[in-house]
Amino acid sequence: VKAAVALLEKQSEKQRSKYPDDLPHLMQVARYGHYTLAIDRVLGRLNAEKNDLGHPALNLTARDWEDIAFAYWEKVDFANAAKAYSQSQPTALNLYRAGRGYHLVGEPEKAMPFYRKLMVAFPTAPETALGLKHLATLETAVNPRTAVQLWQKLYETFPRYRALALLKKAKLLD
């Protein structure tokens, strides 16, 4: 990681825009250098580089986006983490973190679709229980009937959350 950071710091601004072939070094820092001083610059560069047409200049894979998202998550930058997780492979953890990231930054309308995808794609995953709980909480303000159904689903599917689901459902029906 130190060698990759040193190499990236030596590049001039002109070299950076001309040669996106330093992607392996950028990704090395993104994957393993969460606590280095260069992480902010590297993540910003991975997230923002555009070619002449305004499209991303770097060919990032879903796995790359997952690593970038995790680095943002570790930095507690939930807005950028959510954006990056939304471009990564749709695993239970990635869908949950995309939804939760948007939820934490006050964008429930962006969070809810990720929680719903999580419920459909991974109905019994541990992250789904958390996503279902958050979705039901968000739905309470928008559509209480749907929230009751979500709390019931949490009750039926995840025994660990039965007491909470029963309490929340009772409050809504009261």
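Caption draft 1: Examining the overall build of the protein more closely. For the protein, the count of helices and strands is eleven helices and zero strands. Secondary structure elements of the protein occur, N-terminal to C-terminal, as α-α-α-α-α-α-α-α-α-α-α. When burial is assessed residue by residue, the protein has 40% of its 174 residues classed as buried. Nonlocal contacts in the protein, meaning residues at least 24 apart in sequence, comprise 45% of its contacts between residues at least 6 apart. Accessible surface, the protein: about 10000 Å² in total, of which carbon and sulfur atoms supply 56%.

Caption draft 2: Helix 8 (residues 108–121), seen in detail. The end-to-end C-alpha distance of helix 8, which contains 14 residues, comes to 20 Å, matching closely the 20 Å that a straight helix rising 1.5 Å per residue would cover. As for helix 8, its buried residues are in contact with helix 7 (92–104), helix 9 (126–142) and helix 10 (144–157).

Caption draft 3: Region of the structure containing the packing of helix 3 (residues 23–32) against helix 4 (residues 39–48). Put simply, helix 3 and helix 4 touch, their axes get as near as 9 Å, and they point 125° apart. In terms of axis orientation, helix 3 runs oblique to helix 4. Every pair of crossing elements has a handedness; the one defined by helix 3 and helix 4 is left-handed. Here Leu-23, Leu-26, Met-27, Val-29 and Ala-30 of helix 3 come into contact with helix 4, specifically with Ile-39, Val-42, Leu-43, Arg-45 and Leu-46. Here the contact of helix 3 with helix 4 is composed, by residue class, of nine nonpolar, no polar and one charged.

Caption draft 4: The packing of helix 7 against helix 9, seen in detail. At a minimum axis separation of 9 Å, helix 7 and helix 9 run at an interaxial angle of 30°. Comparing their axes, helix 9 and helix 7 come out roughly parallel. Considering how the two elements wind past one another, helix 7 and helix 9 form a crossing that is left-handed. Two secondary-structure elements touch here, helix 7 through Ala-92, Leu-93, Tyr-96, Arg-100 and His-103 and helix 9 through Glu-127, Leu-130, Gly-131, His-134 and Leu-138. Tallied by class, the residues present in the contact of helix 7 with helix 9 amount to five nonpolar, three polar and two charged.

Caption draft 5: How the structure looks around the nonpolar core. Met-27, Leu-43, Leu-46, Leu-60, Ile-68 and Leu-154 are the most contacted members of the largest nonpolar core, which has 46 residues in total. The residues contacting Leu-46, other than those within four sequence positions of it, are Leu-23, Leu-26, Met-27, Ala-30, Leu-58, Leu-60, Trp-65 and Ile-68.

Caption draft 6: Structural detail: the packing of aromatic side chains. Scanning all chains against the criterion turns up four aromatic pairs. Both rings, one in Trp-73 and one in Phe-78, keep their centres 4.8 Å apart while their planes meet at 70°; by these two values the pair is edge-to-face. Its relative accessible area of 16% is what places Trp-73 among the buried residues. Ring-pair connections join several aromatic residues into one group, and the members of that group are Trp-73, Phe-78 and Tyr-85.

Caption draft 7: Examining the environment of Gly-33 more closely. For Gly-33, the location among the structural elements is in the loop between helix 3 and helix 4. On the basis of relative accessibility, which here comes to 1%, the residue Gly-33 falls in the buried class. The sequence separation of Gly-33 and Ala-71 amounts to 38 residues, and the corresponding C-alpha distance is 8.4 Å.

About the criteria used
Residues numbered from 1 in each chain as written. Predicted model: local features only at pLDDT ≥ 70, side-chain atom pairs only at ≥ 80, totals over all residues. Heavy atoms only, no water. Helix = DSSP H or I, 4+ residues; strand = E, 2+ residues; numbered from the N terminus. Buried < 20%, exposed > 50% of the residue type's maximum accessible area, 1.4 Å probe, protein only. Contact = heavy atoms within 4.5 Å. Areas by Shrake-Rupley, 256 points an atom, 1.4 Å probe, with all protein chains shown as cover. Expected span 1.5 Å × (residues − 1). Axes fitted to C-alpha atoms, helices over the stretch in contact; angles between N-to-C directions. Parallel < 35°, antiparallel > 145°, perpendicular 65-115°, else oblique. Left-handed = near helix turned anticlockwise from the far one by under 90°. Nonpolar A, V, L, I, M, F, W, Y, C, P; charged D, E, K, R; others polar. Core = buried A, V, L, I, M, F, W, Y, C linked by side-chain atoms within 4.5 Å. Phe/Tyr/Trp six-rings, centres within 6.5 Å; stacked < 30°, edge-to-face > 60°.

By themselves, these are just geometric observations and shouldn't be taken as functional.
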